[in-house]
Amino acid sequence: MSRCKLIAGNWKMNMTSAEGSQLVEAIKELLPDGSDACQSGVPEVLVCPPFLTIGSVVNAARGSCVKVGAQNIHWEESGAFTGEVSASMLNEAGCTHAIIGHSERRQYFAETDETVNKRTKAAVKAGIVAVVCVGETLGERESGITNDIVERQIREGLKGLTPADMEKIVIAYEPVWAIGTGKVATDEQAQEVHAFIRVILTDMFGEATSGAIRILYGGSMKPDNAKGLLAQKDIDGGLIGGASLKATDFAAIVNAASQGK
Ligand code: PGA
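Quick look at the structure, then.

Reading guide: rules and limits
Residues numbered from 1 in each chain as written. Predicted model: local features only at pLDDT ≥ 70, side-chain atom pairs only at ≥ 80, totals over all residues. Heavy atoms only, no water. Axes fitted to C-alpha atoms, helices over the stretch in contact; angles between N-to-C directions. Helix = DSSP H or I, 4+ residues; strand = E, 2+ residues; numbered from the N terminus. Parallel < 35°, antiparallel > 145°, perpendicular 65-115°, else oblique. Left-handed = near helix turned anticlockwise from the far one by under 90°. Contact = heavy atoms within 4.5 Å. Nonpolar A, V, L, I, M, F, W, Y, C, P; charged D, E, K, R; others polar. Pairing = 2+ DSSP bridges. Salt bridge = Lys/Arg side-chain N within 4 Å of Asp/Glu carboxyl O. Buried < 20%, exposed > 50% of the residue type's maximum accessible area, 1.4 Å probe, protein only. Near = heavy atom within 4 Å. Polar contact = N/O pair within 3.5 Å; in protein donor to acceptor, adjacent residues only side chain to side chain. Areas by Shrake-Rupley, 256 points an atom, 1.4 Å probe, with all protein chains shown as cover.

In this section: the packing of helix H1 (residues 17-30) against helix H11 (residues 247-258). Where H1 meets H11, the axes come as close as 9 Å, and the angle between the chain directions of the two elements is 40°. The angle between the axes of H1 and H11 places the two elements in the oblique class. Crossing geometry of H1 relative to H11 is assigned as right-handed. Across the interface between the two elements, Leu23, Ala26, Ile27 and Leu30 of H1 pack against Ala247, Thr248, Phe250 and Ala251 of H11. A breakdown of the residues in the contact of H1 with H11 according to their chemical character gives seven nonpolar, one polar and no charged.

Below, the structure written as C-alpha cells:
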C-alpha cells in the first residue's frame, strides 16, 4: 500500500506572526514548483505555528501546497475553558490539522490518554486531521516497556474511533528521549516501533485501514538523517521541531521525503 508522505513542522512556542509569515514565504521558495501533494511522489507539507501566528501563516501559505495546523485543540465547542481553543475556531482560521498529545503537553500540561482521546474525537468531528503523538521516555525504553507504553497510548488515545474516523488520523511516533536532544532513533529502532504500531492499528481497525494510516517519526529529524528514516517501510513522514524553524533545513527534509521509498 503506498501512503503519501507527510512532512510536518511543529514550531512549538516559536515564531511571531511576522516571523512565521517570513518563514513560510522562504519555505515556499524552496519547495518544488507548483507541487501537488501526493502526486509524483511529492509529500504533503504542513506547518503548525502557535495559535496567534496561525492567521498570518495561513495568509502567507495561500495558493501554495503548504497546509497549516494547530498544536492543540479543545474537546468542547465553546464555553468556560479559559485559555483553550475549539475545533470550529481552528477551522475558521484555516487549519486543516492539529497536533494532539505531544509529549510536551503530556509532560508539562497534564495531558493524559483520556484528554488525548477527547481532543482527537473533537478534531475528527470537525473534519480536522489529528496528528496523535505517542512515544516512550528514556526510562521506559531502558526498562524494556516501550511497546507497552506505545500500545497503551494508541489504544486509549484512539478508543471509540471507527475505521472511517481513522481517515482523519495521522500517528506520530516520537521517542521522548529523541525530542530536541539531537539523539535520533536509529532507522531500525524507529522502524521497529512503527511496525509494532501498525500491528496494533490492524488489531483495532483491520488491515485495510491500518495499511492506509500514516505513521510519522519525530525526534531530532534533520536533513542529514531524514533520508534513512524516511526510507523505512512503515515511516510515512516526519514531525519536525527544531529543523522546521529553518526554511533550508525543512525544505531539505521535504526533498528527502520526495525521493523516499
Ligand atoms: P525536534 O522536535 O525535531 O526538535 O526533536 C520534534 C517534536 O517535538 O515534534
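Now that the structure is up, let's keep going.
Sheet architecture is closed into a barrel: eight strands sit in the order E1-E2-E3-E4-E5-E6-E7-E8, paired in parallel fashion. Within the sheet, the average angular offset between the axes of one strand and its neighbour, ignoring direction, is 25°. As paired elements, strand E4 (residues 97-100) and strand E5 (residues 129-134) share four bridges and run parallel to each other. Among the inter-strand pairings, Ala98 is bridged to a residue of E5, identified as Ala130. Lying on the sheet, H11 is in contact with strand E1 (6-10), strand E2 (44-48) and strand E8 (237-240); it crosses E1 at an angle near 160°.

Under the definition given, this model contains 18 salt bridges. Two residues, Asp234 and Arg3, come together in a salt bridge whose shortest N-O distance is 3.9 Å. Here Asp234 is found in the loop between helix H10 (223-230) and E8, whereas its partner Arg3 is found in the segment before E1, with 231 residues between them in sequence. The same class applies to Asp234 and to Arg3, which are both buried. Two residues, Arg198 and Asp236, come together in a salt bridge whose shortest N-O distance is 2.8 Å. In this pair, Arg198 is assigned in helix H8 (residues 187-205) and Asp236 in the loop between H10 and E8, connecting sequence segments 38 residues apart.

The next subject is the site of the ligand. Around the ligand sit 13 residues, and of these Lys12, His102, Glu174, Gly180 and Ser220 come closest. Ser220 is positioned such that a nitrogen or oxygen atom in its backbone is 2.7 Å from an oxygen atom of the ligand. Between the ligand and Gly241 there is a distance of 2.9 Å, counted from an oxygen atom to a backbone nitrogen or oxygen. For the ligand, the protein covers 97% of the area, taking 280 Å² as the surface of the free molecule. Split into classes, the residues belonging to the shell around the ligand amount to four nonpolar, seven polar and two charged.

This part is about unusual backbone geometry. At Ala110, a residue that is not glycine, the phi angle is positive and equals roughly 55°. You can see Ala110 is positioned in the loop between helix H4 (103-108) and helix H5 (113-125). For Ala110, a relative accessible area of 62% translates into the label exposed.

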